[in-house]
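The lines below spell out each chain.
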Amino acid sequence: MQDLLVSLNKNVVRISTVDKDTVLRTTLVDVPKEVVDDTKIIDSSAFSQVLNNLLPQISSLTKSRVSLNFVVEPQDVYLRFITLSKKDGDLGEQVVAEMKKKDKDIPLDDLYFSYIKIAPFVYQFVGIKKDILEKYLEVSNHMGIGLKSVVPWTLTLPK
């Protein structure tokens, strides 16, 4: 299974992969404004067609042998560190309450989010806008390629 890394910024889509000979293959193209607005996919069907046209340039594998991985731009995700107490009950409720208290500007109802313990009492909160993630899922469905991951690029930086 070969991973396709897709990033979208300033109406430029970049698709990359590392082939079986460990050679990095990358291609990019400007996407029309009717299809994409900076980092937001407007027309998932047309965007899927753009990716389908780019795919033969970087991989000779069939769609069943590749998977999609989207790299998300910082403006489309929320990353925060929060401190929680072990004694206060349900962890999920604590995360939501702490996020509402800590940063009132984060629209929790409009996010898919997760959190992970990174130290005693310290958790990392990661949220992505629902409309962004849903467009990625639509692209995956239109292309017939499984969506493997959606990763904020700031989380890929070394610690």
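The structure we're discussing is the one just above.
In this text, all values refer to a predicted model and were calculated from it rather than measured experimentally. (Residues numbered from 1 in each chain as written. Predicted model: local features only at pLDDT ≥ 70, side-chain atom pairs only at ≥ 80, totals over all residues. Heavy atoms only, no water.)

**Q** Quick one: what's the story with the side chain of aspartate 76, residue by residue and with numbers?
**A** In this structure, aspartate 76 sits in the loop between strand 6 (66–72) and strand 7 (77–83). Residues in contact with aspartate 76, not counting those within four places in the same chain, are Thr39, Lys40, Gly127, Ile128, Lys129 and Ile132. (Helix = DSSP H or I, 4+ residues; strand = E, 2+ residues; numbered from the N terminus. Contact = heavy atoms within 4.5 Å.)

**Q** With reference to specific residues and values, describe empty space enclosed by the protein.
**A** Applying the stated criterion to the full structure yields 1 cavity of 30 Å³ or more. Considered as a void within the structure, the largest cavity measures approximately 40 Å³ in volume. What lines the largest cavity is simply Val6, Ser7, Leu8, Phe47, Phe70, Val71, Val72, Glu73 and Tyr136. Tallied by class, the residues present in the lining of the largest cavity amount to 7 nonpolar, 1 polar and 1 charged. (1 Å grid on protein atoms, 1.4 Å probe; cavity = no way out; pocket = protein on both sides within 12 Å on 5 of 7 lines; lining within 4 Å. Points joined across faces, edges and corners; volume = space filled by probe spheres on them. Nonpolar A, V, L, I, M, F, W, Y, C, P; charged D, E, K, R; others polar.)

**Q** So what's going on with the environment of leucine 91? Residues and values would help.
**A** Position of leucine 91 relative to the elements: it lies in helix 2 (residues 91–102). Measuring from C-alpha to C-alpha, the distance between leucine 91 and tyrosine 115 comes to 9.9 Å, with 24 residues separating the pair along the chain. In contact with leucine 91, other than residues within four places in its own chain, are Leu84, Tyr115 and Tyr123.

**Q** Before we move on, can you summarise the packing of aromatic side chains with the specific residues and values?
**A** For the coordinates displayed, the defined rule picks out 3 aromatic pairs. Measuring from ring centre to ring centre gives 6.3 Å for tyrosine 115 and tyrosine 123, while their planes differ by 70°; the resulting arrangement is edge-to-face. Above the plane of the ring of tyrosine 112 lies lysine 130, whose end atom (NZ or CZ) is 5.5 Å from the centre. (Phe/Tyr/Trp six-rings, centres within 6.5 Å; stacked < 30°, edge-to-face > 60°. Lys NZ or Arg CZ within 6 Å of the ring centre and 35° of its normal.)

**Q** Describe the pattern of salt bridges, with residues and values.
**A** Under the counting rule described, the total for this entry stands at 5 salt bridges. Here aspartate 76 and lysine 40 are joined by a salt bridge, their closest N and O atoms 3.3 Å apart. Of the two residues, aspartate 76 sits in the loop between strand 6 and strand 7 while lysine 40 sits in strand 5 (residues 40–41), which places them 36 residues apart along the sequence. For lysine 40, a relative accessible area of 30% gives the class partly exposed. Residue glutamate 138 is joined to lysine 135 by a salt bridge in which the shortest nitrogen-to-oxygen separation is 3.7 Å. Pair noted here: glutamate 138 and lysine 135 are both in helix 3 (residues 130–143), with a separation of 3 residues, about one helical turn. Judged by relative accessible area, which is 22%, lysine 135 ranks as partly exposed. (Salt bridge = Lys/Arg side-chain N within 4 Å of Asp/Glu carboxyl O. Buried < 20%, exposed > 50% of the residue type's maximum accessible area, 1.4 Å probe, protein only.)

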